[in-house]
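Next come the chains, spelled out residue by residue.
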Amino acid sequence: MESTQPHIKTTKLFLFMLLVGLLTAIGGEIKIIPFEEGPFRFGLGSIIFFFALLIRPLPIVSTGLLTALIVIVGRSLLDIFIYGQSFVTHIVEHLPAGAFYTVFALCFKLIPLDELKKQPLMLGLLATAFEVLSNTVEHVLTDILLVSDQETFTSFLLFILVGLLRSFFVVGIYSMITMSEQKKQLKQLMTIHSELYVEALYLQKTMTQIEQLTANSYQLYKKLKTNEEQLASEALHIAQEIHEVKKDNERIHAGLSKITKRNYPSNFLLSELLSFIVEANENYAAYLNKSISITLICPDDYQTKNHIALFAILNNLMANAVEAIEESGFITLNVVAEQDMTSFIVEDNGVGIDPALIPIIFDAGYTSKFNEQGQGSTGIGLSHTKTIVENLKGNIHVTSDTSTCFVVQIPSENIQKEND
């Protein structure tokens with residue numbers, strides 16, 4: 001079984017290289033011929049080849065040689081079918097095109113391509129240089145093998161223009177795809193980390209309770225030690241077991257803290273954070289088969305800090321709003337950023353909250369959510385939301401009439417990153 005794995009991997013890699021060569025050859029037939037009655041052409045082939053090198057690690061030189069072979073043979077067979085003449089004649093005619101892909105691949109082999117993917121401008125300029133060099137080699141070979149009369153200076157200027165267009169087109173498309181994927185991954189990480197942040201708070205509260213419980217158990221042991229030796233021994237054993245649970249919780253809390261204190265990009269904008277939250281809850285509403293219009297109002301923008309805490313607060317309030325709407329409705333997330341205080345207002349037209357319950361909705365254990373078996377949820381969401389807000393020196397309050405409105409106010413200095 002183990003010996004077949006490398007063989008399967010090699011076969012898949014070769015098939016992908018073959019696919020790149022075939023697509024490049026086909027793309028090369030979608031072309032512009034700049035020189036009248038000349039064999040020189042500009043096609044989409046190099047765009048496909050370059051893009052393939054960016055999206056998947058490949059043996060660059062081998063892929064270039066295989067592509068060159070497919071291009072030469074493919075174009076020769078096509079010309080025989082259309083024009084006739086001998087196979088050798090057409091092979092010679094298309095050798096310069098094969099040289100283009102060979103030189104193009106060799107150039108990319110000489111640079112750290114994976115590192116340059118993070119520097120689109122430099123990658124685009126290098127790819128342009130490689131295009132110009134490869135086209136120049138093809139141009140020279142065309143002159144030698146086919147004795148064509150093409151003006152060198154004009155050709156060189158054209159090589160530069162076409163190289164710039166093709167190279168930056170590919171780099172631009174690749175960068176857009178990469179940024180989209182990174183944004184998706186960042187949103188997922190933010191969601192996961194915000195949930196872990198809340199769990200870490202809950203665990204921290206539990207640890208405090210366990211500490212008190214350990215102390216109480218030990219005090220009980222001391223009281224029983226004089227007259228009830230057996231019960232005292234049992235009380236001491238309980239205290240020891242509780243202490244072990246506490247140490248396990250401390251290790252878990254330490255691990256969670258490392259995750260939730262992860263550093264995020266320093267240029268993380270408030271609008272970006274809020275867009276993640278809106279998109280996540282639009283998806284949540286769709287998952288629940290609800291038709292909900294979510295509106296984001298954020299006239300002011302700035303770089304943020306405490307991303308996880310802020311995300312946890314707003315994501316929980318938005319998710320609660322989604323759940324409060326039965327079938328269809330609206331949710332508005334409005335941000336009022338002032339110099340001293342930033343207010344986040346989450347409003348929905350869901351089922352609302354009984355005015356008599358408003359004083360207790362932030363208490364730990366309170367819940368209005370029950371599953372199909374009638375079991376209530378943990379009831380820690382709003383409780384910990386309030387805790388997070390208070391940790392940021394802010395406050396939260398709610399009103400519920402024709403619509404339900406949660407208002408979170410946080411000092412701007414606690415969530416706004418200072419300009420360097």
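Because the structure is predicted, anything quoted here is derived from the model rather than measured. (Residues numbered from 1 in each chain as written. Predicted model: local features only at pLDDT ≥ 70, side-chain atom pairs only at ≥ 80, totals over all residues. Heavy atoms only, no water.)

Enquirer: Can you walk me through the overall build of the protein in this structure?
Expert: Regarding its fold elements, the protein presents 11 helices and 7 strands. For the protein, the proportion of its 420 residues judged to be buried stands at 41%. Partitioning the intrachain contacts of the protein with sequence separation of at least 6 by distance along the chain shows that 70% fall at a separation of at least 24. (Helix = DSSP H or I, 4+ residues; strand = E, 2+ residues; numbered from the N terminus. Buried < 20%, exposed > 50% of the residue type's maximum accessible area, 1.4 Å probe, protein only. Contact = heavy atoms within 4.5 Å.)

Enquirer: Looking at this structure, how should I read the pairing of strand β7 (residues 404–411)?
Expert: The side chains of a regular strand alternate, first on one face of the sheet and then on the other. Of all 8 residues in β7, 7 are buried, a share of seventy percent or more. Looking at chain direction, strand β5 (residues 341–348) and β7 are connected through 8 bridges and run antiparallel. Each bridged residue has a counterpart across the sheet, and for Met341 the counterpart in β7 is Pro411. Pairing between strand β6 (residues 395–400) and β7: 6 bridges, direction antiparallel. Across the sheet, residue Val398 finds its bridge partner in β7, namely Phe406. (Pairing = 2+ DSSP bridges.)

Enquirer: Would you take a moment to explain the pairing of β5 for this structure?
Expert: Of the pairings in the sheet, the one linking strand β4 (residues 328–337) to β5 comprises 7 bridges and is antiparallel in character. Its bridge partner being in β5, Ile331 is matched across the sheet by Asp348. Hairpin geometry of β4 and β5 is characterised by an intervening segment of 3 residues between the two adjacent antiparallel strands.

Enquirer: Before we go on, may I ask you to explain the packing of helix α9 (residues 270–287) against helix α10 (residues 307–324) in this structure?
Expert: The axes of two packed helices give the description: the angle between them and the distance between them. Running from N to C, α9 and α10 point in directions that differ by 30°, and their axes come no closer than 10 Å. Between α9 and α10, the angle is such that the two are roughly parallel. Between α9 and α10 lies a crossing of right-handed hand. Of α10, the residues touching α9 (which contributes Leu270, Leu273, Leu274, Phe276, Ile277, Ala280, Asn281, Tyr284 and Ala285) are His307, Leu310, Phe311, Leu314, Asn315, Met318, Ala319, Val322 and Glu323. Of the residues assigned to the contact of α9 with α10, the class counts are 14 nonpolar, 3 polar and 1 charged. (Axes fitted to C-alpha atoms, helices over the stretch in contact; angles between N-to-C directions. Parallel < 35°, antiparallel > 145°, perpendicular 65-115°, else oblique. Left-handed = near helix turned anticlockwise from the far one by under 90°. Nonpolar A, V, L, I, M, F, W, Y, C, P; charged D, E, K, R; others polar.)

Enquirer: Explain α10 here, please?
Expert: Every α-helix carries 3.6 residues per turn, so stepping three or four residues along brings you back to the same face. Between its terminal C-alpha atoms α10 stretches 26 Å, which fits the 26 Å expected from 18 residues at 1.5 Å a residue. Burial of α10 is extensive: 16 of the 18 residues sit out of reach of the surface. (Expected span 1.5 Å × (residues − 1).)

Enquirer: I keep staring at the confidence of the model for the protein and nothing clicks. Help me out?
Expert: Any region with low pLDDT has predicted coordinates that should not be read closely. Mean pLDDT over the protein: 80, with 81% of residues reaching 70 or higher. Strand β1 (residues 31–32) is the least confidently modelled element of the protein, averaging 66 in pLDDT, while β7 averages 93, the highest of any element. The model gives residues 369–379 a pLDDT under 50, and that stretch makes 15 contacts with residues more than four places away or in other chains. (pLDDT = per-residue confidence, 0-100.)

Enquirer: Explain the nonpolar core here, please?
Expert: For soluble globular proteins, the rule of thumb is that nonpolar side chains tend to be buried together. Counting residues in each nonpolar core, the largest one holds 41 residues, and the members touching the most others are Ile313, Ile331, Phe344 and Phe406. Mapped by element, the contributors of at least two residues to this core are α9, β3 (291–297), α10, β4, β5, α11 (381–391), β6 and β7. Per-element accounting of this core gives the leading share, 10 residues, to α10. Met17, Ala52, Tyr101 and Leu116 belong to the second largest nonpolar core, which has 33 residues in total. (Core = buried A, V, L, I, M, F, W, Y, C linked by side-chain atoms within 4.5 Å.)

Enquirer: When you look at the pattern of salt bridges in this model, what are you seeing that I'm missing?
Expert: Opposite charge on two side chains permits them to pair, given that their charged atoms come into close proximity. Within this structure, the stated rule accounts for 2 salt bridges. The partner of Asp114 in a salt bridge is Lys117, and the shortest N-O contact between them spans 3.3 Å. On the accessibility criterion, Asp114 (54% relative accessible area) is exposed. One salt bridge connects Glu131 with Arg166, and the closest N-O pair in it is separated by 2.6 Å. Placement of the pair is Glu131 in helix α6 (residues 120–146) and Arg166 in helix α7 (residues 152–224), with a sequence separation of 35 residues. Given a relative accessible area of 2%, Glu131 falls into the buried group. The buried category is assigned to Arg166, whose relative accessible area is 10%. (Salt bridge = Lys/Arg side-chain N within 4 Å of Asp/Glu carboxyl O.)

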